[in-house]
Amino acid sequence: MINSKRYQRNLEQDGITKEAQEKLFASRVLVMGAGGLGSGVIMNLAALGVGQIKIIDGDILEESNLNRQIIHKYKNIGRAKVISAKDWVQEFNPDIKVELDKIRINELNYFNIIQGYDIIVDCFDSYESKYMLNEIALRHNKVLIHGGVQGFRGQVTTIVPTKTGCLSCVMQKPQTFKEEIYASISPVVNLISSLQAQEVLKVVTGVGEPLLNKILIFDGLKSEFKILNYAKNMACEVCSSIGA
Ligand SMILES: [Zn+2]
């Protein structure tokens, strides 16, 4: 499979050796959310040749999702997003093994879902879920590729337990969460999701430098990228409560 022409252009990139491509194909990546960010992440992972993708989402596809959730087809409105996303992957790259779970994860049901996966991609749309996932990843020593979008702005960072700060070290966890699901549009959400997939590529293959202790911030209205450095915050309540 690695020798097929499908991955030929990957192998022409500096550092993406045959061994690196094989590592991608042997990797297992858990994608939390099959909405806006999840669409782009799943499509890019399937194109890169990540061999096993697990997709978690509890929602049904609605027409209003289709301004940005480009993995889903119009005919799938009313179906589970996980099934719609799996259909796309299987049509696009039948080499990829897809697992799915139509479930909304919480502190009580996540344990079995994360077993066997060392990289989790945060494609949730709610910050409450993102901070929960940050704690789960920290507690179970999983790499977390965080992405978030608020309107025309978005951010990406890669969190490696014991090596980097956590999500709350860089953006302090609020005491309470308000209604804070931001509407987003396709170009911004798919840019951020592409950058998340690129982080997966870097973490799995060792090519390039992942955004460790760095957060990339994109402002779509100004077409500006900024990278801010951060570090583990010794006063971080999340890190100290988990003992990370
Ligand atoms: Zn922290």
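Given the structure is predicted, the values throughout are model-derived calculations rather than measurements.

K.L.:
Before we go on, may I ask you to explain the coordination of the zinc ion in this structure?
P.N.:
Ideal values for angles at a metal depend on the geometry: 109.5 degrees with four tetrahedral donors, 90 or 180 degrees with six octahedral donors. All of the protein donors around the zinc ion are C166 (SG), C169 (SG), C236 (SG) and C239 (SG); their distances to the metal are 2.3 Å. Around the zinc ion sit 4 donor atoms; with metal-centred angles ranging over 101 to 117°, the donor geometry is tetrahedral. Taken in sequence order, the residues that donate to the zinc ion follow the motif C-x2-C-x66-C-x2-C. Here the residue C166 occupies a position in the loop between strand 6 (153–159) and helix 6 (167–170), and C239 occupies one in helix 8 (residues 237–242), the gap between them amounting to 73 residues. Taken as a pair, C166 and C239 share a single burial class, namely buried.

K.L.:
How should I be thinking about the packing of aromatic side chains in this particular structure?
P.N.:
Two numbers describe a pair of aromatic rings. These are the distance of the centres and the angle of the planes. Taken as a whole and judged by the stated rule, the model has 5 aromatic pairs. Look at Y110 and F111: their rings are 6.5 Å apart centre to centre, the planes differ by 65°, and that puts the pair in the edge-to-face class. Given the relative accessible area of 43%, F111 is considered partly exposed. Ring centres 4.8 Å apart and planes at 40° place the aromatic pair F218 and F225 in the tilted group.

K.L.:
So what exactly am I meant to see when it comes to the packing of helix 2 (residues 36–48) against helix 7 (residues 186–205) here?
P.N.:
Each pair of packed helices can be described by the angle between their axes along with the distance between the axes. Put simply, helix 2 and helix 7 touch, their axes get as near as 8 Å, and they point 40° apart. One way to sum up the angle between helix 2 and helix 7 is to call them oblique. In the packing of helix 2 onto helix 7, the handedness of the crossing is right-handed. Residues G36, L37, G40, V41, N44, L45 and L48 of helix 2 form the contact with helix 7, whose participating residues are V189, N190, I192, S193, S194, Q196, A197, V200 and L201. Looking at the contact of helix 2 with helix 7, its residues break down into 9 nonpolar, 7 polar and no charged.

K.L.:
How should I be thinking about the environment of D57 in this particular structure?
P.N.:
Structurally, D57 can be placed in the loop between strand 2 (52–56) and helix 3 (81–92). For the pair formed by D57 and K81, sequence separation is 24 residues and the distance between their alpha carbons is 6.8 Å. Excluding residues that lie within four positions of it along the chain, D57 makes contacts with G33, A34, G35, K81, V82, D101, K102 and I103. Polar side-chain contacts of D57 include one of 2.7 Å to the backbone nitrogen of A34.

K.L.:
Please clarify how unusual backbone geometry should be interpreted in this entry.
P.N.:
Negative phi characterises most residues that are not glycine, and trans characterises most peptide bonds. Its identity as a non-glycine residue notwithstanding, N141 has a phi of 60°, on the positive side. Residue placement: N141 occurs in the loop between helix 5 (127–139) and strand 5 (143–150). A relative accessible area of 53% places N141 in the exposed class.

K.L.:
Quick question: what am I supposed to make of helix 5 here?
P.N.:
An α-helical turn contains 3.6 residues, so a residue and the one three or four places further along point in the same direction. Between its first and last C-alpha atoms helix 5 spans 18 Å; for 13 residues at 1.5 Å apiece the expected length is 18 Å, and the two agree. Among the 13 residues in helix 5, 10 count as buried, and that is most of the element. Those residues of helix 5 not exposed but buried are Y127, K130, Y131, M132, L133, N134, E135, I136, A137 and L138. At the exit of helix 5 stands N141, carrying a positive phi of roughly 60°.

K.L.:
Sorry, what's going on with the sheet that holds strand 3 (residues 97–101) here?
P.N.:
Adjacent strands of a sheet form backbone hydrogen bonds with each other and so pair up, either parallel or antiparallel. Read from one edge to the other, the open sheet built from 8 strands follows the order 3-2-1-4-5-6-7-8, with strand pairing classed as mixed. Bordering the open sheet on either side are strand 3 and strand 8 (224–229), each of which pairs with just one other strand. If you compare each strand with its neighbour and ignore which way they point, the axes differ by 15° on average. Those strands touched by helix 2 are strand 1 (28–32), strand 2, strand 4 (119–122) and strand 5, and its axis lies near 165° from that of strand 1.

K.L.:
What is the right way to look at the packing of helix 2 against helix 3 in this model?
P.N.:
Between helix 2 and helix 3, the shortest axis-to-axis distance is 10 Å and the interhelical angle comes to 25°. Taken together, the axes of helix 2 and helix 3 lie roughly parallel to each other. The interaxial crossing formed by helix 2 with helix 3 has right-handed handedness. Where helix 2 abuts helix 3, its residues I42, M43, A46 and A47 lie against A85, W88, V89 and F92. Among the residues making up the contact of helix 2 with helix 3, the classes are represented as 8 nonpolar, no polar and no charged.

What counts, and at which threshold
- Along every chain, residues carry numbers that run from 1 in the direction the sequence is written.
- Residues qualify for local features only when their pLDDT is at least 70, as the model is predicted, and side-chain atom pairs are given and counted only at 80 or more; totals for whole chains, interfaces and linings, by contrast, use all residues.
- As a rule here, side-chain values come from all non-hydrogen atoms in the structure, and water together with hydrogens is ignored.
- Donor atoms: N, O and S within 2.8 Å of the metal, or within 3.2 Å for Na, K and Ca. Because water is excluded, sites can look incomplete.
- By the criteria applied here, four donors are tetrahedral when all angles lie between 85 and 135 degrees, four are square planar and six octahedral when opposite donors are over 155 degrees apart and every other angle lies between 65 and 115, and any other arrangement is irregular.
- Strands here mean DSSP runs of E at least two residues long; helices mean DSSP runs of H or I at least four residues long; both are numbered from the N terminus.
- Any residue under 20% of the maximum accessible area for its type is buried, any over 50% is exposed, and the rest in between are partly exposed; the area is computed with a 1.4 Å probe on protein chains only.
- The pairing test for Phe, Tyr and Trp rings, Trp by its six-membered ring, is centres within 6.5 Å, and the orientation test on the planes gives stacked under 30 degrees, edge-to-face over 60, and tilted for anything in between.
- All axes are obtained by fitting lines to C-alpha atoms, using only the stretch in contact for helices, and the reported angles, taken between N-to-C directions, cover 0 to 180 degrees.
- Should an angle fall under 35 degrees it is taken as roughly parallel, and over 145 as roughly antiparallel, whereas 65 to 115 is taken as roughly perpendicular and any remaining angle as oblique.
- Definitions for this section: a left-handed crossing has its near helix turned counterclockwise from the far helix by less than a right angle. A right-handed crossing has that turn clockwise.
- Contacts are residue-level and defined by heavy atoms, with any inter-residue pair within 4.5 Å sufficient.
- Asp, Glu, Lys and Arg are counted as charged, while Ala, Val, Leu, Ile, Met, Phe, Trp, Tyr, Cys and Pro are counted as nonpolar; the rest, among them Gly, fall into the polar class.
- In protein, a polar contact means a hydrogen-donor-capable atom and an acceptor-capable atom, both N or O and within 3.5 Å, with residues adjacent in sequence counting only if both atoms are side-chain atoms; elsewhere, any N or O pair within 3.5 Å suffices.
- Expected span, for any helix, means 1.5 Å times one less than how many residues it has.
- In this description, strands pair whenever DSSP reports at least two bridges between them.

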